[in-house]
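Structural overview
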Amino acid sequence: MPMANPITIILIVSLMFSLFNRSLAINRVTYNVLDLGAKGDGKTDSTTAFLKAWSAACGSPGPATVYAPPGRYLVKNAHFKGLCENKAIIIKIDGTLVAPSDYDVIGNAGNWLLFEGADGVSIEGGILDGQGTGLWACKSTGKSCHSGATTLGVSNSKDVAVNGLTLLNSQMFHIVINGCDNVELQGVKVLAPGNSPNTDGIHVQLSTGVTILNSKISTGDDCISIGPGTSNLWIENVTCGPGHGISIGSLGKDFKEVGVEKVTVKAVTFKNTQNGLRIKTWARQSTGFVRDVLFQHAIMTNVQNPIVIDQNYCPNNKNCPGQISGVKISDVTYKDIHGTSATEVAVKFDCSKANPCRGIRLEDVNLTYKNQAAKASCANAAGTTSGVIQPTSCL
């Protein structure tokens, strides 16, 4: 029996795949929040409508969409919980979800919008307005205030996508990825003032296979913060500023702590930030580690600390004075990093006395300070250099 032509086989497979995708699209059911009682006036509480839409989509045996048309929807705390009957739910937002202006309403809940056990969920487009200015003002007075809520939490979920989402003025962190596997964030925008407290753009912890692409983050804390238990993290084409840079850490606050490994950060831009590429650990005993990290193709413009490892982090000298970090840092590469430092010391490796940094590699690093040579500072750090290195290496 003659074998089929390979081209014919490819065409048949492509046709079958196309028909399968078309079948999914035809069978996808949409739950419009307006049909379930939501009002796009920015005043009417639409929380129940969104939860009803989620419940219906989650219970659907086939692909489903939760749709929010143009408008402003007031939503209080909302917990979108799986496990669902299907793993193909799209949250399509063409409008704006608005948190209550009274920060006490969501301030003690931990999360404003939380997706938990939400395997296969995609969040597309739209704006999430956390209205955090009231809480920030309270914190600035020194009064007793709620710690605040994360705008968007994704917890214990896998195969999640967030595309084209804009987040404004969160009370606390804008996005937290916790305990997840295979999450892609693309085209995300975070907008908050440079003086907004604890408003990290994206925080990742206890997660593997997270990808952050083509995003712009302006905030008052870390643009991206990387917590314990993060592995196989890929960050590419991200602009940061204002903010505190891209930070691994702080790590080592707890003695028994899982480490961070296999992190790639490339094609990133920092402008007027406190830090650029930072690794930060508490000056406390810990079983944690950081290893196999690549920082590549970074542009710094007026960055206070373009490259920094700080293993003596101890806010207000509480709970750690005189102690030494137990976090082991190794195999960290800085490749093609260039631009301007806002301080004279552009490269600072302040590593642990008990656990010196090992395998630090600098390749083609060119950082200047006020159109002149910058400086580098090293303590308990060892490594190698290649290519053009400015400031002169202290490794």
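Structure first, text after, so check above.
Remember, it's a predicted structure, so these values are computed and weren't measured experimentally.

Points about the state of the cysteines
- Summed over all chains, the structure comprises six disulfides.
- Across a sulfur-sulfur distance of 1.9 Å, cysteine 314 and cysteine 320 are joined as a disulfide pair. Taking the torsion about the sulfur-sulfur bond, which here is approximately 120 degrees, the covalent link between cysteine 314 and cysteine 320 counts as right-handed.
- What makes cysteine 320 buried here is its relative accessible area of 1%.
- Disulfide partner of cysteine 351: cysteine 357, at an S-S distance of 2.0 Å. Its S-S torsion of approximately -100 degrees makes the covalent link between cysteine 351 and cysteine 357 left-handed. Taken individually, cysteine 351 and cysteine 357 each receive the classification buried, so the pair is uniform in this respect.
- Counting only the cysteines that take part in disulfides, in the order they occur along the chain, gives the pairing 1-2, 3-4, 5-6, 7-8, 9-10, 11-12.

Digging into helix α4 (residues 133-140)
- Here α4 has its buried residues at Leu135, Trp136 and Cys138. Relative to the axis of α4, the buried residues are bounded by an arc of 160 degrees and lie together on one face.
- Following α4 by one or two positions, glycine 142 adopts a phi angle in the positive range, close to 85 degrees.

Cut-offs used in this document
- Residues numbered from 1 in each chain as written.
- Predicted model: local features only at pLDDT ≥ 70, side-chain atom pairs only at ≥ 80, totals over all residues.
- Heavy atoms only, no water.
- Disulfide = S-S within 2.5 Å.
- Buried < 20%, exposed > 50% of the residue type's maximum accessible area, 1.4 Å probe, protein only.
- Helix = DSSP H or I, 4+ residues; strand = E, 2+ residues; numbered from the N terminus.
- Arc of directions from axis to C-beta.

Functional significance is not addressed by these values, which are geometric in nature.
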